[in-house]
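Spelled out, the chains give:
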Amino acid sequence: MTDEHGPGRVTAGFREVYGTEPGGVWAAPGRVNLIGEHTDYNDGFVMPLALPHTCLAAASPRTDGVLRLHSGDVPGGVVELRIEELTPVADGTGGGDHGGWAAYPAGVVWALREAGLLTGAAGGAELHFESTVPTGAGLSSSAALEVVTATALNDLYGLGLTPPRIAQLCQRAENAFVGVPCGIMDQMASACCTEGHALFLDARDLTQRQVPFDLAAEGLRLLVVDTRVKHELGDGAYANRRAACEAAARALGVRALRDVPFDGLEAALAELERLGCDAVTRRRVRHVVTEDRRVEEVIERLDAGDTRSIGPVLTAGHASCRDDFEISCAELDLVVETANAAGALGARMTGGGFGGSAIVLVAEGDAEAVSKAVTEAFGVAGHRAPRIFPAVPSAGARGL
(Lines give C-alpha, C1' and ligand atoms only; values in the text may rest on other atoms or scores of the structure.)
Protein backbone atom coordinates (compact mmCIF):
# COMPACT_ATOMS: atom_id res chain seq x y z
CA MET A 1 0.00 0.00 0.00
CA THR A 2 1.64 3.23 -1.14
CA ASP A 3 0.60 6.73 -0.12
CA GLU A 4 -0.99 7.13 -3.56
CA HIS A 5 -3.29 4.22 -2.88
CA GLY A 6 -3.45 4.63 0.88
CA PRO A 7 -6.05 7.40 1.32
CA GLY A 8 -8.66 5.58 -0.76
CA ARG A 9 -8.01 2.29 0.97
CA VAL A 10 -8.10 3.67 4.51
CA THR A 11 -11.24 5.69 3.66
CA ALA A 12 -12.93 2.54 2.40
CA GLY A 13 -11.84 0.75 5.56
CA PHE A 14 -13.34 3.49 7.74
CA ARG A 15 -16.59 3.36 5.75
CA GLU A 16 -16.78 -0.42 6.14
CA VAL A 17 -16.14 -0.32 9.90
CA TYR A 18 -18.21 2.71 10.90
CA GLY A 19 -20.77 3.02 8.10
CA THR A 20 -20.04 6.71 7.40
CA GLU A 21 -17.49 8.86 5.58
CA PRO A 22 -14.49 10.02 7.63
CA GLY A 23 -13.83 13.66 8.35
CA GLY A 24 -10.38 13.33 6.83
CA VAL A 25 -7.30 11.19 6.31
CA TRP A 26 -3.88 11.78 7.85
CA ALA A 27 -0.45 10.15 7.55
CA ALA A 28 2.59 9.91 9.82
CA PRO A 29 5.81 8.13 8.83
CA GLY A 30 8.13 5.66 10.44
CA ARG A 31 11.80 6.58 10.63
CA VAL A 32 15.35 5.35 10.51
CA ASN A 33 18.03 7.00 12.58
CA LEU A 34 21.12 7.88 10.58
CA ILE A 35 23.24 8.36 13.71
CA GLY A 36 22.68 9.13 17.40
CA GLU A 37 21.46 6.01 19.22
CA HIS A 38 20.19 6.18 22.82
CA THR A 39 21.34 9.80 23.00
CA ASP A 40 17.91 11.44 23.02
CA TYR A 41 17.01 10.59 26.61
CA ASN A 42 20.49 11.79 27.57
CA ASP A 43 19.61 15.27 26.23
CA GLY A 44 21.95 14.68 23.31
CA PHE A 45 21.92 14.84 19.51
CA VAL A 46 20.15 12.61 17.00
CA MET A 47 19.74 12.59 13.24
CA PRO A 48 16.73 10.62 12.00
CA LEU A 49 14.98 10.74 8.65
CA ALA A 50 11.39 9.85 7.84
CA LEU A 51 10.61 6.82 5.70
CA PRO A 52 8.02 6.68 2.92
CA HIS A 53 6.28 3.98 5.00
CA THR A 54 3.39 5.54 6.91
CA CYS A 55 0.61 4.89 9.36
CA LEU A 56 -2.63 6.25 7.89
CA ALA A 57 -5.67 7.26 9.91
CA ALA A 58 -9.16 8.03 8.69
CA ALA A 59 -11.02 9.82 11.48
CA SER A 60 -14.15 11.69 12.49
CA PRO A 61 -14.99 13.48 15.75
CA ARG A 62 -17.65 12.34 18.21
CA THR A 63 -19.50 14.47 20.75
CA ASP A 64 -20.37 11.79 23.31
CA GLY A 65 -16.95 11.18 24.88
CA VAL A 66 -16.55 7.79 23.21
CA LEU A 67 -13.29 6.80 21.52
CA ARG A 68 -13.57 4.04 18.92
CA LEU A 69 -10.39 2.57 17.46
CA HIS A 70 -9.95 0.02 14.69
CA SER A 71 -6.87 -1.30 12.89
CA GLY A 72 -6.86 -2.91 9.49
CA ASP A 73 -3.57 -4.57 10.40
CA VAL A 74 -4.46 -6.25 13.70
CA PRO A 75 -7.08 -8.99 14.01
CA GLY A 76 -10.09 -8.04 16.10
CA GLY A 77 -12.99 -5.64 16.12
CA VAL A 78 -13.44 -2.07 17.22
CA VAL A 79 -11.91 -1.12 20.57
CA GLU A 80 -14.41 1.19 22.31
CA LEU A 81 -13.33 3.32 25.27
CA ARG A 82 -14.73 6.24 27.23
CA ILE A 83 -12.26 9.09 27.22
CA GLU A 84 -12.93 10.15 30.81
CA GLU A 85 -11.97 6.63 31.93
CA LEU A 86 -8.56 6.64 30.24
CA THR A 87 -5.92 6.30 32.97
CA PRO A 88 -2.42 4.84 33.06
CA VAL A 89 -2.24 1.54 34.91
CA ALA A 90 -1.15 2.24 38.49
CA ASP A 91 1.17 -0.75 38.73
CA GLY A 92 3.49 0.75 36.13
CA THR A 93 2.62 -1.58 33.27
CA GLY A 94 1.17 1.28 31.29
CA GLY A 95 -2.15 1.48 29.50
CA GLY A 96 -1.99 -1.97 27.99
CA ASP A 97 -5.37 -2.93 29.39
CA HIS A 98 -6.94 -0.49 26.93
CA GLY A 99 -6.71 -2.94 24.07
CA GLY A 100 -3.05 -3.82 23.36
CA TRP A 101 -2.09 -1.81 20.26
CA ALA A 102 -4.96 0.58 21.06
CA ALA A 103 -3.07 1.80 24.14
CA TYR A 104 -0.96 3.99 21.86
CA PRO A 105 -3.77 6.10 20.33
CA ALA A 106 -5.72 5.95 23.60
CA GLY A 107 -2.64 7.27 25.39
CA VAL A 108 -2.48 10.20 22.98
CA VAL A 109 -6.09 11.15 23.79
CA TRP A 110 -5.26 10.83 27.50
CA ALA A 111 -2.21 13.08 27.09
CA LEU A 112 -4.24 15.70 25.18
CA ARG A 113 -6.88 15.74 27.91
CA GLU A 114 -4.30 15.83 30.68
CA ALA A 115 -2.78 18.89 29.00
CA GLY A 116 -6.18 20.62 29.04
CA LEU A 117 -6.54 20.54 25.28
CA LEU A 118 -9.64 18.34 25.17
CA THR A 119 -12.40 19.02 27.67
CA GLY A 120 -15.91 17.70 28.30
CA ALA A 121 -17.04 15.30 25.61
CA ALA A 122 -14.52 16.73 23.14
CA GLY A 123 -11.88 14.25 22.11
CA GLY A 124 -14.29 11.50 21.31
CA ALA A 125 -13.52 10.14 17.87
CA GLU A 126 -13.75 7.24 15.48
CA LEU A 127 -10.44 6.23 13.94
CA HIS A 128 -9.46 3.52 11.48
CA PHE A 129 -5.74 2.85 10.97
CA GLU A 130 -3.74 1.11 8.27
CA SER A 131 0.06 1.06 8.29
CA THR A 132 2.93 0.12 6.01
CA VAL A 133 5.54 0.72 8.74
CA PRO A 134 6.98 -2.70 9.63
CA THR A 135 6.27 -3.55 13.26
CA GLY A 136 9.03 -4.82 15.53
CA ALA A 137 11.67 -3.63 13.06
CA GLY A 138 12.94 -0.68 15.08
CA LEU A 139 11.39 1.75 12.58
CA SER A 140 9.03 3.50 15.02
CA SER A 141 5.70 2.01 14.05
CA SER A 142 4.37 2.99 17.48
CA ALA A 143 5.46 6.62 17.13
CA ALA A 144 3.82 6.78 13.71
CA LEU A 145 0.58 5.49 15.26
CA GLU A 146 0.77 8.05 18.05
CA VAL A 147 1.66 10.99 15.82
CA VAL A 148 -1.00 10.28 13.21
CA THR A 149 -3.60 10.14 16.01
CA ALA A 150 -2.49 13.46 17.47
CA THR A 151 -2.27 15.10 14.05
CA ALA A 152 -5.79 13.99 13.18
CA LEU A 153 -7.25 15.20 16.49
CA ASN A 154 -5.29 18.45 16.20
CA ASP A 155 -7.03 19.17 12.89
CA LEU A 156 -10.45 17.77 13.82
CA TYR A 157 -10.62 19.85 17.00
CA GLY A 158 -8.62 22.89 15.86
CA LEU A 159 -6.13 22.54 18.72
CA GLY A 160 -3.43 24.63 17.02
CA LEU A 161 -0.57 22.35 18.05
CA THR A 162 2.83 22.69 16.40
CA PRO A 163 4.60 19.52 15.21
CA PRO A 164 7.15 19.66 18.09
CA ARG A 165 4.32 19.99 20.63
CA ILE A 166 2.54 17.04 19.02
CA ALA A 167 5.77 15.04 19.41
CA GLN A 168 6.07 15.97 23.10
CA LEU A 169 2.50 14.91 23.84
CA CYS A 170 2.99 11.63 22.00
CA GLN A 171 6.15 10.94 23.97
CA ARG A 172 4.19 11.67 27.14
CA ALA A 173 1.58 9.12 26.03
CA GLU A 174 4.19 6.43 25.44
CA ASN A 175 6.14 7.13 28.64
CA ALA A 176 3.30 7.58 31.12
CA PHE A 177 0.39 5.71 29.56
CA VAL A 178 1.93 2.82 27.61
CA GLY A 179 4.86 2.52 30.00
CA VAL A 180 7.82 2.63 27.59
CA PRO A 181 10.53 5.10 28.75
CA CYS A 182 11.44 6.24 25.23
CA GLY A 183 13.16 9.49 24.37
CA ILE A 184 11.72 12.16 22.06
CA MET A 185 13.47 11.23 18.81
CA ASP A 186 10.92 8.90 17.25
CA GLN A 187 7.97 11.22 17.74
CA MET A 188 9.94 14.27 16.58
CA ALA A 189 11.05 12.43 13.45
CA SER A 190 7.51 11.37 12.60
CA ALA A 191 6.08 14.83 13.25
CA CYS A 192 8.83 17.12 11.94
CA CYS A 193 10.91 15.52 9.19
CA THR A 194 10.80 16.97 5.69
CA GLU A 195 11.24 15.34 2.31
CA GLY A 196 14.82 15.11 1.09
CA HIS A 197 16.33 15.93 4.47
CA ALA A 198 17.63 14.36 7.66
CA LEU A 199 16.57 16.01 10.93
CA PHE A 200 19.41 17.24 13.15
CA LEU A 201 17.74 17.47 16.55
CA ASP A 202 18.99 18.69 19.90
CA ALA A 203 16.91 16.56 22.26
CA ARG A 204 17.40 18.99 25.17
CA ASP A 205 15.72 22.09 23.75
CA LEU A 206 14.20 20.54 20.59
CA THR A 207 16.01 22.95 18.31
CA GLN A 208 16.20 21.37 14.90
CA ARG A 209 17.74 21.81 11.51
CA GLN A 210 16.70 20.16 8.28
CA VAL A 211 19.91 18.89 6.67
CA PRO A 212 19.79 18.23 2.90
CA PHE A 213 20.29 14.52 2.31
CA ASP A 214 19.95 13.87 -1.42
CA LEU A 215 21.67 10.52 -1.78
CA ALA A 216 20.59 9.90 -5.37
CA ALA A 217 22.29 13.12 -6.51
CA GLU A 218 25.58 11.78 -5.14
CA GLY A 219 25.17 8.30 -6.59
CA LEU A 220 24.50 6.78 -3.18
CA ARG A 221 21.79 4.72 -1.55
CA LEU A 222 20.90 4.08 2.09
CA LEU A 223 19.52 0.58 2.53
CA VAL A 224 17.39 -0.54 5.45
CA VAL A 225 17.90 -4.18 6.37
CA ASP A 226 15.06 -5.47 8.53
CA THR A 227 16.50 -8.53 10.23
CA ARG A 228 12.95 -9.72 11.10
CA VAL A 229 14.14 -10.27 14.65
CA LYS A 230 11.35 -8.76 16.71
CA HIS A 231 12.59 -6.59 19.53
CA GLU A 232 10.62 -5.37 22.54
CA LEU A 233 11.66 -2.11 24.14
CA GLY A 234 9.34 -2.69 27.08
CA ASP A 235 11.15 -5.83 28.25
CA GLY A 236 13.34 -3.94 30.69
CA ALA A 237 16.59 -3.84 28.70
CA TYR A 238 15.85 -0.34 27.37
CA ALA A 239 14.82 0.87 30.82
CA ASN A 240 18.00 -0.61 32.32
CA ARG A 241 20.18 1.28 29.84
CA ARG A 242 18.36 4.52 30.59
CA ALA A 243 18.62 4.02 34.35
CA ALA A 244 22.37 3.39 34.10
CA CYS A 245 22.87 6.61 32.12
CA GLU A 246 20.83 8.65 34.59
CA ALA A 247 22.70 7.15 37.56
CA ALA A 248 26.04 8.01 35.95
CA ALA A 249 24.91 11.59 35.29
CA ARG A 250 23.93 11.96 38.95
CA ALA A 251 27.28 10.57 40.07
CA LEU A 252 29.09 13.07 37.85
CA GLY A 253 26.93 15.95 39.04
CA VAL A 254 25.62 16.83 35.59
CA ARG A 255 22.06 17.22 34.37
CA ALA A 256 22.55 14.57 31.68
CA LEU A 257 25.39 12.74 29.94
CA ARG A 258 25.15 15.27 27.13
CA ASP A 259 26.97 17.62 29.52
CA VAL A 260 30.08 15.42 29.61
CA PRO A 261 32.34 16.94 26.92
CA PHE A 262 34.00 14.61 24.45
CA ASP A 263 37.45 15.90 25.40
CA GLY A 264 36.58 15.32 29.05
CA LEU A 265 35.43 11.73 28.61
CA GLU A 266 38.52 10.01 30.01
CA ALA A 267 38.45 12.21 33.12
CA ALA A 268 34.76 11.46 33.60
CA LEU A 269 35.33 7.72 33.28
CA ALA A 270 38.17 7.91 35.79
CA GLU A 271 35.94 9.81 38.21
CA LEU A 272 33.19 7.19 37.86
CA GLU A 273 35.71 4.45 38.62
CA ARG A 274 36.89 6.38 41.67
CA LEU A 275 33.27 6.66 42.83
CA GLY A 276 32.81 2.91 42.53
CA CYS A 277 30.69 2.80 39.36
CA ASP A 278 31.10 -0.56 37.66
CA ALA A 279 32.70 -1.17 34.27
CA VAL A 280 29.32 -1.73 32.61
CA THR A 281 28.08 1.72 33.63
CA ARG A 282 31.31 3.29 32.43
CA ARG A 283 30.89 1.64 29.03
CA ARG A 284 27.35 3.02 28.80
CA VAL A 285 28.71 6.51 29.44
CA ARG A 286 31.44 6.08 26.84
CA HIS A 287 28.87 5.12 24.21
CA VAL A 288 26.65 8.13 24.83
CA VAL A 289 29.47 10.69 24.86
CA THR A 290 31.18 9.28 21.77
CA GLU A 291 27.85 8.87 19.96
CA ASP A 292 27.02 12.54 20.46
CA ARG A 293 30.40 13.33 18.92
CA ARG A 294 29.64 11.02 15.98
CA VAL A 295 26.42 12.93 15.29
CA GLU A 296 28.47 16.13 15.16
CA GLU A 297 30.98 14.46 12.83
CA VAL A 298 28.23 13.38 10.44
CA ILE A 299 26.77 16.90 10.41
CA GLU A 300 30.19 18.39 9.66
CA ARG A 301 30.74 15.98 6.76
CA LEU A 302 27.28 16.51 5.29
CA ASP A 303 27.67 20.29 5.56
CA ALA A 304 30.96 19.93 3.70
CA GLY A 305 29.20 18.00 0.92
CA ASP A 306 31.12 14.79 1.65
CA THR A 307 28.35 12.28 2.24
CA ARG A 308 30.49 9.27 1.26
CA SER A 309 32.83 9.93 4.19
CA ILE A 310 30.12 9.36 6.81
CA GLY A 311 30.32 5.60 6.19
CA PRO A 312 33.14 4.86 8.67
CA VAL A 313 31.37 7.01 11.28
CA LEU A 314 28.27 4.83 10.92
CA THR A 315 30.36 1.68 11.33
CA ALA A 316 32.09 3.11 14.41
CA GLY A 317 28.66 3.86 15.84
CA HIS A 318 27.68 0.22 15.40
CA ALA A 319 30.79 -0.97 17.22
CA SER A 320 29.90 1.32 20.13
CA CYS A 321 26.30 0.09 20.21
CA ARG A 322 27.57 -3.50 20.12
CA ASP A 323 30.44 -3.31 22.59
CA ASP A 324 29.76 -0.39 24.95
CA PHE A 325 25.95 -0.20 25.01
CA GLU A 326 25.41 -3.92 24.26
CA ILE A 327 22.19 -3.48 22.29
CA SER A 328 23.12 -5.33 19.11
CA CYS A 329 22.52 -9.00 18.29
CA ALA A 330 24.03 -11.65 16.03
CA GLU A 331 21.78 -10.81 13.10
CA LEU A 332 22.56 -7.07 13.23
CA ASP A 333 26.28 -7.77 13.53
CA LEU A 334 26.06 -10.10 10.54
CA VAL A 335 24.45 -7.37 8.41
CA VAL A 336 27.17 -4.86 9.27
CA GLU A 337 30.10 -7.26 8.81
CA THR A 338 28.77 -8.74 5.57
CA ALA A 339 27.75 -5.43 4.02
CA ASN A 340 31.11 -3.80 4.74
CA ALA A 341 32.99 -6.84 3.42
CA ALA A 342 30.88 -6.70 0.24
CA GLY A 343 31.83 -3.09 -0.48
CA ALA A 344 29.46 -0.91 1.55
CA LEU A 345 30.75 2.49 2.62
CA GLY A 346 29.49 1.91 6.18
CA ALA A 347 26.73 0.23 8.16
CA ARG A 348 25.23 0.12 11.62
CA MET A 349 22.23 -0.98 13.62
CA THR A 350 19.49 1.63 13.92
CA GLY A 351 16.80 2.09 16.55
CA GLY A 352 16.53 0.77 20.07
CA GLY A 353 18.41 -2.44 19.37
CA PHE A 354 17.95 -6.08 20.48
CA GLY A 355 16.91 -6.87 16.90
CA GLY A 356 15.16 -4.68 14.40
CA SER A 357 17.00 -3.08 11.52
CA ALA A 358 20.39 -1.96 10.29
CA ILE A 359 21.23 0.71 7.74
CA VAL A 360 23.84 0.34 5.02
CA LEU A 361 25.34 3.22 3.03
CA VAL A 362 26.35 2.05 -0.45
CA ALA A 363 27.30 3.43 -3.83
CA GLU A 364 24.31 3.06 -6.14
CA GLY A 365 26.13 0.53 -8.30
CA ASP A 366 26.95 -1.69 -5.34
CA ALA A 367 23.48 -1.82 -3.80
CA GLU A 368 22.39 -5.03 -5.51
CA ALA A 369 25.61 -6.93 -4.76
CA VAL A 370 25.62 -5.84 -1.11
CA SER A 371 21.96 -6.80 -0.70
CA LYS A 372 22.63 -10.19 -2.26
CA ALA A 373 25.62 -10.81 0.01
CA VAL A 374 23.61 -9.98 3.14
CA THR A 375 20.70 -12.19 2.07
CA GLU A 376 23.04 -15.10 1.31
CA ALA A 377 24.84 -14.70 4.64
CA PHE A 378 21.50 -14.92 6.45
CA GLY A 379 20.71 -18.12 4.59
CA VAL A 380 24.06 -19.68 5.47
CA ALA A 381 23.54 -18.73 9.14
CA GLY A 382 20.06 -20.28 9.15
CA HIS A 383 18.21 -16.99 9.65
CA ARG A 384 15.02 -15.89 7.94
CA ALA A 385 15.69 -13.86 4.82
CA PRO A 386 15.95 -10.17 5.72
CA ARG A 387 13.74 -7.53 4.17
CA ILE A 388 15.87 -4.94 2.35
CA PHE A 389 14.62 -1.63 0.95
CA PRO A 390 15.97 1.87 0.30
CA ALA A 391 15.47 4.61 2.89
CA VAL A 392 14.19 7.62 0.94
CA PRO A 393 14.06 10.77 3.14
CA SER A 394 10.35 11.57 3.24
CA ALA A 395 7.82 13.99 4.68
CA GLY A 396 6.59 14.08 8.27
CA ALA A 397 3.01 13.94 9.52
CA ARG A 398 0.38 15.61 7.36
CA GLY A 399 -3.19 15.65 6.23
CA LEU A 400 -3.91 13.99 2.90
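Residues numbered from 1 in each chain as written. Predicted model: local features only at pLDDT ≥ 70, side-chain atom pairs only at ≥ 80, totals over all residues. Heavy atoms only, no water.

If you look the protein up in an unreviewed UniProt entry, it shows as Galactokinase from Streptomyces malaysiensis. As stated in UniProt under Pathway (unreviewed entry), the record for the protein gives "Carbohydrate metabolism; galactose metabolism." The protein has a UniProt comment under Function (unreviewed entry) that states "Catalyzes the transfer of the gamma-phosphate of ATP to D-galactose to form alpha-D-galactose-1-phosphate (Gal-1-P)." (UniProt positions renumbered as here; feature names shortened; annotations may be inferred.)

Summed over all chains, the structure comprises 5 aromatic pairs. Here the aromatic rings of Trp110 and Phe177 are separated by 5.6 Å at their centres, their planes lie at 40°, and the arrangement is tilted. One end of the pair, Trp110, is in helix α2 (residues 103-114); the other, Phe177, is in helix α4 (residues 163-178), with 67 residues separating them in the sequence. Taking the relative accessible area as the measure of exposure, Trp110 reaches 11% and is therefore buried. (Phe/Tyr/Trp six-rings, centres within 6.5 Å; stacked < 30°, edge-to-face > 60°. Helix = DSSP H or I, 4+ residues; strand = E, 2+ residues; numbered from the N terminus. Buried < 20%, exposed > 50% of the residue type's maximum accessible area, 1.4 Å probe, protein only.)

UniProt records the feature "binding site: Mg(2+)" (unreviewed entry) at Ser142 and Glu174, using the numbering of this structure. These residues run over 33 residues, yet every pair of their C-alpha atoms falls within 8.7 Å of each other. Along the chain, Ser142 turns up in helix α3 (residues 141-156). Tracing the chain through its elements places Glu174 in helix α4. Ignoring any residue separated from it by four or fewer positions in sequence, one finds Glu174 in contact with Tyr104, Ser142, Glu146, Gly179, Val180, Cys182 and Gln187. (Contact = heavy atoms within 4.5 Å.)

Another point: the side chain of Thr151. Mapping Thr151 onto the fold places it in helix α3. The residues contacting Thr151, other than those within four sequence positions of it, are Trp26, Ile166, Ala397 and Arg398.

To continue, consider the UniProt feature "binding site: substrate" (unreviewed entry) in the protein. When the UniProt feature table is mapped onto this chain numbering, "binding site: substrate" (unreviewed entry) sits at Glu37, His38, Thr39, Asp40 and Tyr238. In terms of the greatest pairwise C-alpha distance, the residues named above, spread along 202 residues, form a tight cluster of at most 12.7 Å across. Inspection of the secondary structure puts Glu37 in the loop between β1 (24-35) and β2 (45-61). Overall, Glu37 belongs to the buried group, its relative accessible area being 2%. Relative to the assigned elements, Tyr238 resides in helix α6 (residues 237-252). Accessibility expressed as a relative area gives 6% for Tyr238, which makes it buried.

The end-to-end C-alpha separation of α2 is 16 Å, in line with the 16 Å expected for 12 residues at 1.5 Å each. Counting buried residues in α2 gives 10 out of 12 residues, a clear majority hidden from the surface. Burial in α2 covers these residues: Ala103, Tyr104, Pro105, Ala106, Gly107, Val108, Val109, Trp110, Ala111 and Leu112. Looking at the packing, one finds that the buried side of α2 touches β3 (66-71), β4 (79-82), β5 (125-131), α3 and α4. (Expected span 1.5 Å × (residues − 1).)

Let's shift gears to the side chain of Asp324. Following the sequence through the fold, Asp324 ends up in the loop between α9 (311-323) and α10 (330-341). Of the polar contacts made by the side chain of Asp324, one reaches the side chain of Arg286; its length is 2.7 Å. Sequence-distant contacts of Asp324, defined by excluding residues within four places in its chain, comprise Arg283, Arg284, Arg286, His287 and Ala319. (Polar contact = N/O pair within 3.5 Å; in protein donor to acceptor, adjacent residues only side chain to side chain.)

Taking strand neighbours across the sheet as the criterion, the 4 strands line up as β9-β10-β8-β11 in an open arrangement whose pairing is antiparallel. Single-partner strands in this sheet number two, and they are β9 (346-350) and β11 (387-390). Taking the axes of each pair of neighbouring strands and ignoring which way they run, one obtains an average angle of 25° across the sheet. Pairing geometry for strand β8 (residues 220-226) and strand β10 (residues 357-363), over 7 bridges, is antiparallel. Across the sheet, the residue bridging to Leu223 is Val360, located in β10. Its contacts with the sheet place α9 against β9 and β10, and it is angled at close to 40° to β9. (Pairing = 2+ DSSP bridges. Axes fitted to C-alpha atoms, helices over the stretch in contact; angles between N-to-C directions.)

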